[in-house]
Amino acid sequence: MAERTASPARIELLQGMPIFGAIREDTLRRLLERSRSVSVAAGGYFCREGDRAESMFVLDAGRVEVLKNWQQREFVLHHLGVGDCFGEMALLDLAPRSASVRAIEDCRAIEIGAADLLQLFEHDPEQFALIQMNIAREVCRRLRATDELLFRISMGERNAIAGPWPRAA
């Protein structure tokens, strides 16, 4: 089921996220009016590794796990909950999905597509640039956490287990 909605609760959800930091309310409303609400039942997938990628998701109900395939097995990389986003790399590089995302429980997410951001660019390039910069910061934050984890593992730390991605300070 997909629907479009720019409810006050969804605007507030986005305002609390690093990716939408300093974005005006009217811009968020416009973005939400173009985005879709996507529901996925427990056990279902929002996306699978290798799928074509043209959107990101903001989880506004439920919990998901981020999975990576290796030697025909799925491994859990992260667990995400309400207010977390996934798939944002697609809005920067348009490469295939680098991981799968499966619902742990019934979920609902806001899907924001590259076309939605293109429309924002045409309407307000400054707000578009700020969102792109915020997405790049989030991707960098996650890359730093991954670099630290890889370093700790390479140094022989046996308990170097990935936790949730760090949040912006």
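Residues numbered from 1 in each chain as written. Predicted model: local features only at pLDDT ≥ 70, side-chain atom pairs only at ≥ 80, totals over all residues. Heavy atoms only, no water.

> I'd love a proper account of the nonpolar core, names of residues and values included.
Counting 23 residues, the largest nonpolar core has Leu-14, Phe-20, Met-56, Val-58, Ile-112, Leu-117 and Ile-131 as the members making the most contacts within it. Of all elements in the fold, only helix H1 (8-15), helix H2 (25-34), strand S4 (55-61), strand S9 (107-113), helix H4 (114-123) and helix H5 (125-154) reach the threshold of two or more residues within this core. The element contributing the most residues to this core is H5, with 4 residues. Sequence-distant contacts of Ile-131, defined by excluding residues within four places in its chain, comprise Ile-19, Phe-20, Ile-23, Leu-31, Leu-117 and Leu-120. In this structure, Val-38, Leu-59, Phe-86 and Ala-99 belong to the second largest nonpolar core, which totals 15 residues. (Core = buried A, V, L, I, M, F, W, Y, C linked by side-chain atoms within 4.5 Å. Buried < 20%, exposed > 50% of the residue type's maximum accessible area, 1.4 Å probe, protein only. Helix = DSSP H or I, 4+ residues; strand = E, 2+ residues; numbered from the N terminus. Contact = heavy atoms within 4.5 Å.)

> Report on the side chain of Arg-97, specifying residues and quantitative values.
With respect to the helices and strands, the residue Arg-97 is situated in the loop between helix H3 (90-93) and strand S8 (100-103). For the buried Arg-97, no salt bridge is present, and the opposite-charge side chain at shortest range is Glu-111, 5.4 Å distant. Of note is the side chain of Arg-97, whose polar atom sits 2.8 Å from the backbone oxygen of Ser-55. In contact with Arg-97, not counting residues within four places along its chain, are Cys-47, Arg-48, Glu-49, Gly-50, Asp-51, Arg-52, Ala-53, Glu-54, Ser-55, Phe-57, Gly-87 and Ala-90. (Lys, Arg positive; Asp, Glu negative; His and termini not counted. Salt bridge = Lys/Arg side-chain N within 4 Å of Asp/Glu carboxyl O. Polar contact = N/O pair within 3.5 Å; in protein donor to acceptor, adjacent residues only side chain to side chain.)

> Tell me about the pattern of salt bridges, residues and numbers included.
For the structure on display, the rule yields 14 salt bridges. Notably, a salt bridge pairs Asp-116 with Arg-34, separated by 3.7 Å at the nearest N-O pair. A residue pair is termed long-range when its members are at least 10 positions apart, and Asp-116 in helix H4 and Arg-34 in helix H2 qualify at 82 residues. Note on Asp-116: relative accessible area 9%, which makes it buried. On the basis of relative accessible area, Arg-34 is assigned to the partly exposed category, the value being 33%.

> I'd love a proper account of H2, names of residues and values included.
Listed in full, the buried residues belonging to H2 are Thr-27, Leu-28, Leu-31 and Leu-32. Viewed end-on, H2 has its buried residues packed into an arc of 130 degrees, placing them on one side of the element. Looking at the buried positions of H2, the neighbouring elements they touch are H1, S9, H4 and H5. (Arc of directions from axis to C-beta.)

> I'd like a description of the sheet that holds strand S3 (residues 45-47), backed by residues and values.
Sheet strands associate in pairs through backbone hydrogen bonding, adopting either a parallel or an antiparallel arrangement. Ordered in space as S3-S8-S5-S6, the 4 strands form an open sheet in which the pairing is antiparallel. Both outer strands of the open sheet, S3 and strand S6 (73-80), are each paired with one neighbouring strand and no more. Each neighbouring strand pair of the sheet contributes to a mean axis angle of 30 degrees, computed without reference to strand direction. Sheet topology note: the strand S5 (residues 64-70)/S8 ladder contains 4 bridges and is antiparallel. Within the sheet, the bridge partner assigned to Val-64 lies in S8 and is Ala-103. (Pairing = 2+ DSSP bridges. Axes fitted to C-alpha atoms, helices over the stretch in contact; angles between N-to-C directions.)

> Which residues make up unusual backbone geometry, and what are the values?
A positive phi angle, near 50 degrees, is found at Gln-71, a position not held by glycine. In this fold, Gln-71 is placed in the loop between S5 and S6. Residue Gln-71 is classed as exposed on the basis of its relative accessible area, which comes to 58%. Phi angles above zero are rare outside glycine, and Gln-72 is one such case at about 60 degrees. Examined against the element boundaries, Gln-72 turns out to sit in the loop between S5 and S6.

> Which residues make up the pairing of S6, and what values do they have?
Two elements, S5 and S6, share 7 bridges in a ladder whose sense is antiparallel. Looking at the pairing, Asn-69 lines up with Glu-74 of S6. Where S5 folds back onto S6 in an antiparallel hairpin, the turn is made up of 2 residues, including Gln-71, whose phi is positive at roughly 50 degrees.

> An account of the state of the cysteines is needed here, citing residue identities and associated values.
Under the criterion given, the structure shown has 0 disulfides. Note on Cys-85: no disulfide assigned, nearest cysteine sulfur contributed by Cys-47 at a separation of 12 Å. On the accessibility criterion, Cys-85 (4% relative accessible area) is buried. Unpaired in this structure, Cys-140 has its nearest cysteine sulfur neighbour in Cys-85, at a distance of 14 Å. (Disulfide = S-S within 2.5 Å.)

Keep in mind these numbers describe shape, not what the thing actually does.
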